[in-house]
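Each chain is listed here by its residues.
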Amino acid sequence: MQQEEKINWAILVTGWGRNARDTISLFEKGKFKNSELKLLVYEQEPCGAKELAEKYGVETLKLIKNKFPSLLAYQSQLTKEIQKRNIDYVFMLNYKYIIKEDMLNAFPNKIVNIHPSLFPSFLATKTAIQDALDYGVKITGITTHIIDDKIDEGDILCQTVIKVKEKDTFETLYPKFAKKGKKLISKTIKLVEKKHFRQ
């Protein structure tokens, strides 16, 4: 392995992109010696992640699923766009669409997701933080994982614990996820670097 080798990353985001903005900032600050952020794919506007990516010279691409006849057609185009740019790994940061088989096969064990729960709790839901509150758990957290053909499964990369206080509401709990999520994303990318370059 040559030391100058870099992993090329793409970020997928379908919302405003708070986690994605935090991740772009980490790349800009030089936190990852063996990784470069090459592409941000977004859908809605305004998109805070898109604005920050453009500020730092990261290529952005707007792809809107509803302009395609199907999810498969959309992901076929998405796959082509990512492959054209020689992307090694894809990080889904609040990306709402399920990755289908063709895209999984194009990037085997190379698509990373972040989920706001401690696996195996509160899977296959878009309301995991509220679900944890409703269930009355004392501990929840965040998981990053390699995705596979099952929803919110696949090999776990990193996890972090978040304590739930008795008086916590979604409004008081969510900022804890935002703060710890940034650290977990950084840890995850560094772990992927280590695994990728392990010879």
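Along each chain, the written sequence defines residue order, and numbers are assigned to residues from 1. Where totals are concerned, whole chains, interfaces and linings use all residues; where local detail is concerned, this predicted model gives features only for residues with pLDDT of at least 70, and gives and counts side-chain atom pairs only at 80 or more. Heavy atoms from the whole structure form the basis of all side-chain values; hydrogens and water molecules are not counted.

Caption draft 1: Molecular detail of the overall build of the protein. Secondary structure assignment for the protein yields 6 helices and 7 strands. In this description a helix means any DSSP run of H or I spanning at least four residues, a strand means any run of E spanning at least two, and both kinds are numbered starting from the N terminus. Helices and strands in the protein line up, N terminus first, as β-α-β-α-β-α-β-α-β-α-β-β-α. With respect to the three principal axes, the spread of C-alpha positions in the protein is 50 × 45 × 35 Å. Of the contacts made within the protein by residues no fewer than 6 positions apart, 63% connect residues no fewer than 24 positions apart. Two residue types count as positive, namely Lys and Arg, and two as negative, namely Asp and Glu; His and chain ends fall outside the count. Positions of charges follow a simple convention, taking NZ of Lys, CZ of Arg, CG of Asp or CD of Glu. Within the protein, the 25 negative side-chain charges are centred at a point lying 6 Å from the centre of the 34 positive side-chain charges. What makes two residues a contact is simply this: any of their non-hydrogen atoms within 4.5 Å.

Caption draft 2: Just the sheet that holds strand 4 (residues 89-92), in detail. If you trace the 7 strands from one edge of the open sheet to the other, you get 3-2-1-4-5-6-7, paired in mixed fashion. Lying at the two open borders of the sheet, with one neighbouring strand each, are strand 3 (59-62) and strand 7 (156-163). Taken pair by pair, the neighbouring strands of this sheet meet at an average axis angle of 20 degrees, ignoring direction. In terms of strand pairing, strand 6 (residues 139-146) meets strand 7 through 7 bridges, oriented antiparallel. Each residue of the ladder has a partner; that of Gly 141, found in strand 7, is Val 161. Here an axis means a line fitted to C-alpha atoms, over the contact stretch when the element is a helix, while the angle between two N-to-C directions is reported on a 0 to 180 degree scale. Against the sheet, helix 6 (residues 170-196) touches strand 1 (7-12), strand 2 (35-42), strand 4, strand 5 (111-115), strand 6 and strand 7, its axis set at about 160 degrees to strand 7. Strands were regarded as paired on the criterion that DSSP finds at least two bridges between them.

Caption draft 3: Broad picture of the packing of helix 1 (residues 18-28) against helix 6. Remark: helix 1 packs on helix 6, axes separated minimally by 10 Å, with the N-to-C direction vectors making an angle of 45 degrees. Viewed along their axes, helix 1 and helix 6 adopt a mutual orientation that is oblique. For the crossing formed where helix 1 meets helix 6, the hand is right-handed. Facing helix 1, whose interface residues are Arg 18, Asn 19, Asp 22, Thr 23, Leu 26 and Phe 27, helix 6 presents Tyr 174, Ala 178, Lys 182, Ile 185, Ser 186 and Ile 189. Under the convention adopted here, Pro, Cys and the residues Ala, Val, Leu, Ile, Met, Phe, Trp and Tyr are nonpolar, Asp, Glu, Lys and Arg are charged, and Gly plus all remaining residues are polar. The residue inventory of the contact of helix 1 with helix 6, partitioned by class, reads 6 nonpolar, 3 polar and 3 charged. Working rule for angles: under 35 degrees goes down as roughly parallel, over 145 as roughly antiparallel, 65 to 115 as roughly perpendicular, anything else as oblique. Handedness of a crossing follows from how the near helix is turned relative to the far one, being left-handed for an anticlockwise turn of less than a right angle and right-handed for a clockwise one.

Caption draft 4: Fine view of the nonpolar core. For the purposes of this section, nonpolar cores are sets of buried Ala, Val, Leu, Ile, Met, Phe, Trp, Tyr and Cys residues that join through side-chain atoms within 4.5 Å. Summary of the burial criterion: residues with accessible area below 20% of their type's maximum are buried, those above 50% are exposed, and those between are partly exposed, where the area comes from a 1.4 Å probe applied to protein chains only. Residues Trp 9 and Phe 91 are the most contacted members of the largest nonpolar core, which totals 39 residues. In terms of residue count, the dominant contributor to this core is helix 6 (6 residues). Ignoring anything within four residues of it in the chain, the contact list for Phe 91 reads Trp 9, Ala 10, Ile 11, Leu 12, Val 112, Asn 113, Ile 114, Thr 144, Ile 185, Thr 188 and Ile 189. Counting residues in hydrophobic clusters, the runner-up holds 20 residues, among them Val 41, Leu 61, Tyr 74 and Ile 82.

Caption draft 5: Layout of the packing of helix 5 (residues 128-135) against helix 6. Where helix 5 contacts helix 6, the two axes come as close as 10 Å, and the packing angle between them is 125 degrees. By the angle between their axes, helix 5 is oblique relative to helix 6. Here helix 5 and helix 6 pass one another in a crossing that is right-handed. Contact with helix 5, carried on its side by Ile 129, Gln 130 and Leu 133, involves Phe 170, Leu 173, Tyr 174 and Phe 177 of helix 6 and no other residues of that element. Along the lines of polarity and charge, the residues of the contact of helix 5 with helix 6 split into 6 nonpolar, 1 polar and no charged.

Caption draft 6: Layout of the pattern of salt bridges. The salt bridge definition used is simple: a Lys or Arg side-chain nitrogen within 4 Å of an Asp or Glu carboxyl oxygen. A full pass over the atoms with the stated rule returns 8 salt bridges. The residue Lys 38 makes a salt bridge to Glu 36 at a minimum N-O spacing of 3.0 Å. Linking Glu 59 and Arg 85 is a salt bridge whose minimum nitrogen-to-oxygen distance equals 2.8 Å. Taken together, the positions of Glu 59 in strand 3 and Arg 85 in the loop between helix 3 (71-84) and strand 4 put the pair 26 residues apart, joining distant regions of the chain. Residue Glu 59 is classed as partly exposed on the basis of its relative accessible area of 36%.

Caption draft 7: Broad picture of the side chain of Glu 43. The residue Glu 43 is located in the loop between strand 2 and helix 2 (48-55) in this model. The side chain of Glu 43 is buried and forms no salt bridge, while Lys 96, the nearest opposite charge, is found at 4.1 Å. Polar contact criterion, stated in full: a pair of N or O atoms within 3.5 Å, where within protein one must be able to donate a hydrogen and the other to accept it, and residues adjacent in sequence count only if both atoms are side-chain atoms. A distance of 2.9 Å separates a polar atom in the side chain of Glu 43 from the backbone nitrogen of Lys 65. Each residue touching Glu 43, except ones within four places of it in the same chain, is listed here: Val 13, Thr 14, Lys 62, Leu 63, Ile 64, Lys 65, Lys 96 and Tyr 97.

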